[in-house]
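An overview of the molecular structure
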Amino acid sequence: MQRRPGLFIGAMLALAIMFAASADKETTPPPRVPQHMLDATLKVRAGVIIPPLPWIENGRPTAGWQYGSGVMASESEMITAAHVIYSRGEICKNIEVEVRGEHASRVWVDAKVLSSDKTLDIAVLRLDVKVRKWAELDLASGVGPGDAVWVVGCPSALAPVATLGWVAAYQDSSGMLSPYWLSGNCIYFGNSGGPVFDANSGKVVGTLLAGTGAPNVSLWVPLSLSRFLIQAEIKSLPRLNKK
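Not measured: the values here are computed from a predicted model.

**A short note on the overall build of the protein**
For the protein, the count of helices and strands is four helices and 14 strands. Across the 243 residues of the protein, 42% fall into the buried class. Of the contacts formed within the protein by residues at least 6 apart in sequence, a portion of 61% connects residues at least 24 apart. Of the roughly 14200 Å² of accessible surface on the protein, a fraction of 57% belongs to carbon and sulfur atoms.

Written out as structure tokens, the structure is:
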């Protein structure tokens, strides 16, 4: 039987390429969270009045905090969700943001509401201090189905946590919810108001509205819907023409 060296060499070459591809697939590390996304995401808390519990006799209203997340859009302005700073239909009187102080310490500073829109679930705050790190905004929000996004928030008032997911679909306004994007990101209590980053550009394209109760499903509002409100309060942002 006559051997065909060309066929043998071709088979060996194909096997070598296959094993190399398999090795590359196994050793390729998972995507790393860009540090600027974590640095720009901060905790927000708003003072609320907790009504007395009906099953406790002689109960009295008590003061407490509700927690959420936000993203710095300039050295002193932050974007968060309106429902983070509202309680019982009104803006909370005491709103604070946790910033990084000297020697990696954490301090709470006062924040003032510059503007808010409950329909779009957006609020712009101004801190009493200036920070050194903030995120770049994409007010056109050019992401669509199939695009990868990072959702960052401070679950249970802890340090910022990022989860990677893919945009699924856009939903029009329904009931009490504003129009929103649906994506496959895992979120937790306390993430509300946190930023949604375009994984390609690294810019903020939305703010987290809510979860759905199902794992790895989140709803978020694109910044394009509230771009003129944001531009009116954050003067350092580039202007977008009204269409």
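**So, the packing of aromatic side chains**
Inspection of the entire model under this criterion finds three aromatic pairs. For the ring pair tyrosine 170 and tryptophan 181, a centre distance of 5.1 Å and an interplane angle of 65° mean the geometry is edge-to-face. Taken as a pair, tyrosine 170 in strand 10 (residues 161-171) and tryptophan 181 in strand 11 (residues 180-183) lie far apart in primary sequence, 11 residues in all. Assessed through its relative accessible area of 11%, tryptophan 181 is described here as buried. One aromatic cluster is present, formed by Tyr170, Trp181 and Trp220 through successive ring pairs. If you follow arginine 45 out to its NZ or CZ, it ends over the ring of tryptophan 65, 4.1 Å from the centre. Against the face of tryptophan 108 rests arginine 45, its NZ or CZ located 4.0 Å from the ring centre.

**So, the pattern of salt bridges**
For the structure shown, the criterion picks out six salt bridges. Note that glutamate 77 is salt-bridged to arginine 126, the shortest N-O span being 2.9 Å. With glutamate 77 in strand 3 (residues 77-80) and arginine 126 in strand 8 (residues 122-127), this residue pair connects regions lying 49 residues apart in the sequence.

**Notes on the side chain of serine 218**
Structurally, serine 218 is set in strand 14 (residues 218-222). Excluding residues that lie within four positions of it along the chain, serine 218 makes contacts with Val151, Trp181, Leu182, Ser183, Asn185, Ile187, Leu208 and Ala210.

**Some remarks on the side chain of asparagine 185**
Mapped onto the secondary structure, asparagine 185 falls in the loop between strand 11 and strand 12 (195-198). Looking at asparagine 185, its side chain comes within polar contact range of the main-chain oxygen of valine 149, at 3.1 Å. In this view, asparagine 185 contacts Val149, Trp150, Val151, Thr163, Leu164, Gly165, Asn216, Val217 and Ser218; residues no more than four positions away in its chain are not counted.

**Observations concerning the environment of leucine 229**
Along the chain, leucine 229 falls in helix 4 (residues 227-233). Distance in space between the C-alpha atoms of leucine 229 and aspartate 117 is 8.6 Å, their sequence separation being 112 residues.

**Here we look at the pairing of strand 9 (residues 148-153)**
Along strand 9, six of the six residues are buried, which leaves the element largely enclosed by surrounding structure. Neither face of strand 9 is exposed, since Ala148, Trp150 and Val152 on one face and Val149, Val151 and Gly153 on the opposite face are all buried. Pairing of strand 9 with strand 12, which is carried by three bridges, proceeds in the antiparallel orientation. Bridge pairing links valine 151 to valine 196 in strand 12.

**Describing unusual backbone geometry**
Residues other than glycine seldom take positive phi values, yet aspartate 121 does so here, at roughly 55°. Take aspartate 121: it is sitting in the loop between strand 7 (106-117) and strand 8. Residue aspartate 121 is classed as buried on the basis of its relative accessible area of 6%.

**Digging into the environment of tyrosine 67**
Along the chain, tyrosine 67 turns up in strand 2 (residues 62-72). Given the relative accessible area of 30%, tyrosine 67 is considered partly exposed. Tyrosine 67 sits 125 residues away from serine 192 along the chain, and the two C-alpha atoms are 8.3 Å apart. Look past the residues within four positions of tyrosine 67 in its chain and what remains in contact with it is Val44, Arg45, Trp108, Ala157 and Gly190.

What counts, and where the lines are drawn
- Residues numbered from 1 in each chain as written.
- Predicted model: local features only at pLDDT ≥ 70, side-chain atom pairs only at ≥ 80, totals over all residues.
- Heavy atoms only, no water.
- Helix = DSSP H or I, 4+ residues; strand = E, 2+ residues; numbered from the N terminus.
- Buried < 20%, exposed > 50% of the residue type's maximum accessible area, 1.4 Å probe, protein only.
- Contact = heavy atoms within 4.5 Å.
- Areas by Shrake-Rupley, 256 points an atom, 1.4 Å probe, with all protein chains shown as cover.
- Phe/Tyr/Trp six-rings, centres within 6.5 Å; stacked < 30°, edge-to-face > 60°.
- Lys NZ or Arg CZ within 6 Å of the ring centre and 35° of its normal.
- Salt bridge = Lys/Arg side-chain N within 4 Å of Asp/Glu carboxyl O.
- Polar contact = N/O pair within 3.5 Å; in protein donor to acceptor, adjacent residues only side chain to side chain.
- Pairing = 2+ DSSP bridges.

So far we have only geometry, and geometry alone does not tell us how the molecule works.
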